[in-house]
Amino acid sequence: MATSTQRTRPWLIIAVNLILSLISVYLFEFWFKQVITLDTPQLIENLAVVVLTVITYFVGKTYYIKGVMNTAKKIFILVLLSVSILALMLLSVKVPADMIYPFSGVVIVSVAFYMLSLSAGTLNTIGLVAMTLLLAAPIAFLKWFGVIGWPMVGELGELAVFIILFLGGTWSHLRALFHGIRGVNDDHGGFGDDADGNGDTGNE
């Protein structure tokens, strides 16, 4: 019989992934609105920190590393990108209070990339594209016929991204919670899962 902890745990994991999805979309929007109020050099430096951080994670996750030379190249590129990010973070800080902008930007982008990676692993490329089309099509039609304006397009677009990240990060847990399915498919189940699709870490 399932213990109280086993019954509560899926809800906890879903709640954590909900928070991470909200951070990925809406906290990033808040960060961006704060950063665009800075002077131009600081604005460019903070945006460059975020862009380079995304590039660094992308290289780290996708770079082909078979063979010693490829591994060495990957390490060199990652070190170079990391040093560049750190240098830009330092350049963007004029007074101690400015540290919040580059540091929080890196944190938010890290969370967003993590959630995107989970979504891509769970939904796979076809699923990710399908969900994007299903959510984007209504928004496009509403704008095409003048029902909504660009501000609403932006709001609905953010909501669509949030839905994709949340479902992608929690699908295995939602499936186990509502349908009792505890499969063995490797669906990169998200925070707290060991990627076997059963919604647990194997310690229960």
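About the thresholds
Residues numbered from 1 in each chain as written. Predicted model: local features only at pLDDT ≥ 70, side-chain atom pairs only at ≥ 80, totals over all residues. Heavy atoms only, no water. Phe/Tyr/Trp six-rings, centres within 6.5 Å; stacked < 30°, edge-to-face > 60°. Helix = DSSP H or I, 4+ residues; strand = E, 2+ residues; numbered from the N terminus. Buried < 20%, exposed > 50% of the residue type's maximum accessible area, 1.4 Å probe, protein only. Contact = heavy atoms within 4.5 Å. Core = buried A, V, L, I, M, F, W, Y, C linked by side-chain atoms within 4.5 Å. pLDDT = per-residue confidence, 0-100.

Draft legend 1. Molecular detail of the packing of aromatic side chains. Under the counting rule described, the total for this entry stands at 4 aromatic pairs. Both rings, one in Tyr26 and one in Phe162, keep their centres 6.4 Å apart while their planes meet at 55°; by these two values the pair is tilted. Highlighted residues: Tyr26 in helix α1 (residues 4-35) and Phe162 in helix α5 (residues 150-179), separated in sequence by 136 residues. Accessibility expressed as a relative area gives 13% for Phe162, which makes it buried. Aromatic rings pair up to connect Tyr26, Phe162 and Phe166 into one cluster.

Draft legend 2. Geometry of the environment of Lys61. Within the secondary structure, Lys61 is located in helix α2 (residues 40-62). Along the backbone, Lys61 and Ser117 are 56 residues apart, and their C-alpha atoms lie at a distance of 9.1 Å. Once residues lying within four places of it in the same chain are set aside, the contact partners of Lys61 are Phe113 and Ser117.

Draft legend 3. Seen up close, the nonpolar core. Counting 10 residues, the largest nonpolar core is built from Ile14, Leu20, Val25, Val111, Met115, Leu118, Phe162, Leu165, Phe166 and Leu174. Breaking this core down by element, the ones donating at least two residues are α1, α4 (100-144) and α5. If you tally residues by element for this core, the top one is α5, at 4 residues. Sequence-distant contacts of Ile14, that is, excluding residues within four places in its chain, are made with Phe166, Thr170, His173, Leu174 and Leu177.

Draft legend 4. A look at the confidence of the model for the protein. Taken residue by residue, the protein gives an average pLDDT of 85. The fraction at 70 or more is 83%. Confidence over residues 183-189 falls short of pLDDT 50; this stretch has 27 contacts with residues more than four positions distant or in other chains.

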